[in-house]
Each structure stands twice: as C-alpha cells, then as structure tokens.
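Observations on the model geometry
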Amino acid sequence: MEQKERWQALLRGQIIGATTAKFASVIRLADQKAQALIFLNSILVPVAINWISKPEFHTAAIITIVTALSSIFAAIICIYPKRKAGRKDRDTFNFLHFNDIGHMDRDDFLDEFMPLFNDPSKLAEVAIKDMHDVAKNAIIPKFFWLKLAYAIFFFGNLAAVLYIIMNSWSAM
C-alpha cells in the first residue's frame, strides 16, 4: 500500500470515528434533556396535587398533572428507545450493535464477522451501515420523543395557566 492510500484510509477512519463520537454526543444530549424534563415534571406533580383541593385551581391542577405524566412518559420512551430483538435479515443486521450480535452464538458471530473484519472495504461498509443504523434507529426516534415531551410540557402547562387567567378574569 503506498503512502497516499494509507493517508486516505486514515482520513476515512478519522471521519467515521468523528461521526460516531458526534452521534454519541447527540444521544447523550437528548438523554440529558429528557432526564431534566422528567425531574422537572416530577416536581410539578406533587405541587399540583396540593392545589386540586382548591376549587379555583382544581381544573388547572388536573391539567398540570396529566401534562406532567404525559411528558414524563414521552421522555422515558426517549431515553429507552425500542429496537427489534431477535434474528434479523442480512440487510438490516448490524455487526457493530450489541443487540444484534448479542443474540448470536459466539462461533456463528465469529464465522460471519471475521471475513468482514479482515477486508478493509467490507469493514468500512459495516461501519457506515452502523452509522446509518444509529441515526435511523436511535437518534431520530429519540428526538421525536424528546420534541413530543417538550411540546406536551409547554402546551399543557400553557393551557393550565391560560385556564387560571381566564377563570380569574371571569371572576372579576
């Protein structure tokens, strides 16, 4: 292998490594935002429960509790995304994902993976498929559920606040 080819291979490896690190960072960020939302909503629920007994805040407190529980549910799904378990077909199987290889017998895994590992172009394809798999099956669903959790939080609490304002305005 000549020097130019080595540098090109190194560059490709660096790009895949940097992209993988970026994906891990994005996943960590989504998880942290979801955890913060769970924490914030877990504070709102007991506070709202204390306001249920007050007639002027009863409905707003129920709206807040339903909002908080719904937002917590969406945030939990964000943190724990589902992946299909069991044996997958060859097109969707990811040799770099623990869930896919964890369901294989070790000897079967070695028999199937070693030819890919020992061929740089096939290994590059496996790495690129893994990047696609992470983006499609982890990052996109995480951000869907995170956006949904924040939207529920915002619009539900906005509804509770508007209800209190309208209720107090009509009482004047």
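Residues numbered from 1 in each chain as written. Predicted model: local features only at pLDDT ≥ 70, side-chain atom pairs only at ≥ 80, totals over all residues. Heavy atoms only, no water.

**A look at the confidence of the model for the protein chain**
Looking at the protein chain, the pLDDT average stands at 89 and 93% of residues meet or exceed 70. Mean pLDDT values for the elements of the protein chain range from 84 in helix 3 (residues 98-102) up to 97 in helix 2 (residues 58-79). (pLDDT = per-residue confidence, 0-100. Helix = DSSP H or I, 4+ residues; strand = E, 2+ residues; numbered from the N terminus.)

**Looking at the nonpolar core**
Grouped burial of nonpolar side chains is what soluble globular proteins tend to show. By size, the foremost hydrophobic cluster in this structure holds ten residues: A30, A34, L37, A74, A75, C78, I79, L146, A149 and F153. Within the residue set of this core, elements represented by two or more residues are helix 1 (3-51), helix 2 and helix 5 (120-170). Among the elements that take part in this core, helix 2 stands out by supplying four residues, more than any other. Apart from the residues within four sequence positions on either side, A74 is in contact with W145, A149 and I152. Counting residues in each nonpolar core, the second largest holds eight residues, with A127, V134, A138 and I139 among its members. (Core = buried A, V, L, I, M, F, W, Y, C linked by side-chain atoms within 4.5 Å. Buried < 20%, exposed > 50% of the residue type's maximum accessible area, 1.4 Å probe, protein only. Contact = heavy atoms within 4.5 Å.)

**Some words on helix 5**
For helix 5, with 51 residues, the first-to-last C-alpha span of 72 Å sits near the 75 Å given by 1.5 Å per residue. Along its length, helix 5 shows its largest kink, about 30°, at A135. (Expected span 1.5 Å × (residues − 1). Bend = angle between axes of the 7 residues up to and from the residue.)

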